Structures are given as C-alpha cells and as structure tokens.
Amino acid sequence: MKRVLFVCIGNICRSPMAEAMANKYGSDCLIAESAGTSPGLRSHATVRAVLLQKNVDLGKHIPKRYHDMKLAGYDVIVNMSGSKLPELPGLTVETWTVADPFGKSEERFKECRDAIEM
C-alpha cells in the first residue's frame, strides 16, 4: 500500500476532498491523508455536501498541520497549496494546480471537486 499526503492551505477544502476521494476510489492500493500549511479549525460544510453528491463521505475529518506530520512515512506528497514545500530527500512531491474554492460559490466547490477527481 502506498501512502499519500495531500496538502493545501487550510486543510478544509481541497486536500480533504482529495483524501476522501482517494480513500474511496483507491482503497485497494493506497492510504491517503491530508494536512494544511495553515490549518483551519474544522472542515467546510460545503465540502461535505459536494462530496456526498458523489457518494463520498468526508467522515470525521479534523484539519491537521503539515509541519506536524511525520513526512518520512509517505510515498508521495501532493501539493495543492500554491506554495513551495520544503524539499525532503527521497520523497516525491507532485504539484497539482487546483483553485481554492474557499469563500466562493457552491459551483466553485463542485468545480474544485471535479478537478481533483479527474
């Protein structure tokens, strides 16, 4: 099983969506988690709603801080934060450009969800 860490800014929109979808669609080959560079206090209600439209449950997600994660335990880090993450030898970091829907309409949340899903 590969371990994947999805990272965004607040760990309340993009990275939790990616974590939930990866765990649902790829549970036979990976374990996904998520974190934020500046995590919020709780998950976003619209994230939960747009994921449920795809039959994906966010579960009991609580935002986590990227710098508190034990990064050596991951095979891949997917960076959606828009910022450069510190380089770690032997660790693969992929950058995904996904617009942050925070503070935007439900339609933007759906567009974000669909971009991550693809």
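In this text, all values refer to a predicted model and were calculated from it rather than measured experimentally. (Residues numbered from 1 in each chain as written. Predicted model: local features only at pLDDT ≥ 70, side-chain atom pairs only at ≥ 80, totals over all residues. Heavy atoms only, no water.)

This part covers the overall build of the chain. Each helix and strand in the chain was counted, giving three helices and four strands. Secondary structure elements in the chain, listed N-terminal to C-terminal, are β-α-β-α-β-β-α. Over its C-alpha trace the chain gives a radius of gyration of 13 Å, about what one expects of a compact globule, namely 13 Å for 118 residues. Projecting the C-alpha coordinates of the chain onto the three principal axes gives extents of approximately 40 × 30 × 25 Å. When each of the 118 residues of the chain is scored for burial, the buried share is 42%. Relative to all contacts within the chain whose residues are 6 or more apart in sequence, the contacts with residues 24 or more apart total 71%. Measuring between centres, the 16 positive side-chain charges of the chain sit 4 Å from its 14 negative side-chain charges. (Helix = DSSP H or I, 4+ residues; strand = E, 2+ residues; numbered from the N terminus. Rg over C-alpha atoms; globule rule 2.2 N^0.38 Å. Buried < 20%, exposed > 50% of the residue type's maximum accessible area, 1.4 Å probe, protein only. Contact = heavy atoms within 4.5 Å. Lys, Arg positive; Asp, Glu negative; His and termini not counted. Charge placed at Lys NZ, Arg CZ, Asp CG, Glu CD.)

A separate point is unusual backbone geometry. In the Ramachandran plot, Asn11 falls in the positive-phi region, its phi being about 55° despite a non-glycine side chain. Secondary-structure assignment places Asn11 in the loop between strand E1 (2–8) and helix H1 (14–25). A positive phi is found at Asn55, a non-glycine position, where the angle reads about 60°. Considering the arrangement of structural elements, one finds Asn55 in the loop between helix H2 (45–52) and strand E3 (76–79). Looking at Asn55, the relative accessible area reads 58%, which means it is exposed.

The subject of this paragraph is the pattern of salt bridges. A complete count under the given rule lists eight salt bridges for this structure. A salt bridge links Lys54 to Glu117, with the nearest nitrogen and oxygen atoms 3.0 Å apart. Here Lys54 is found in the loop between H2 and E3, whereas its partner Glu117 is found in helix H3 (residues 106–117), with 63 residues between them in sequence. On the basis of relative accessibility, which here comes to 28%, the residue Glu117 falls in the partly exposed class. It is possible to trace a salt-bridge network through shared partners that takes in Lys54, Arg113, Asp114 and Glu117. (Salt bridge = Lys/Arg side-chain N within 4 Å of Asp/Glu carboxyl O.)

That's the geometry; what it means functionally is another story.
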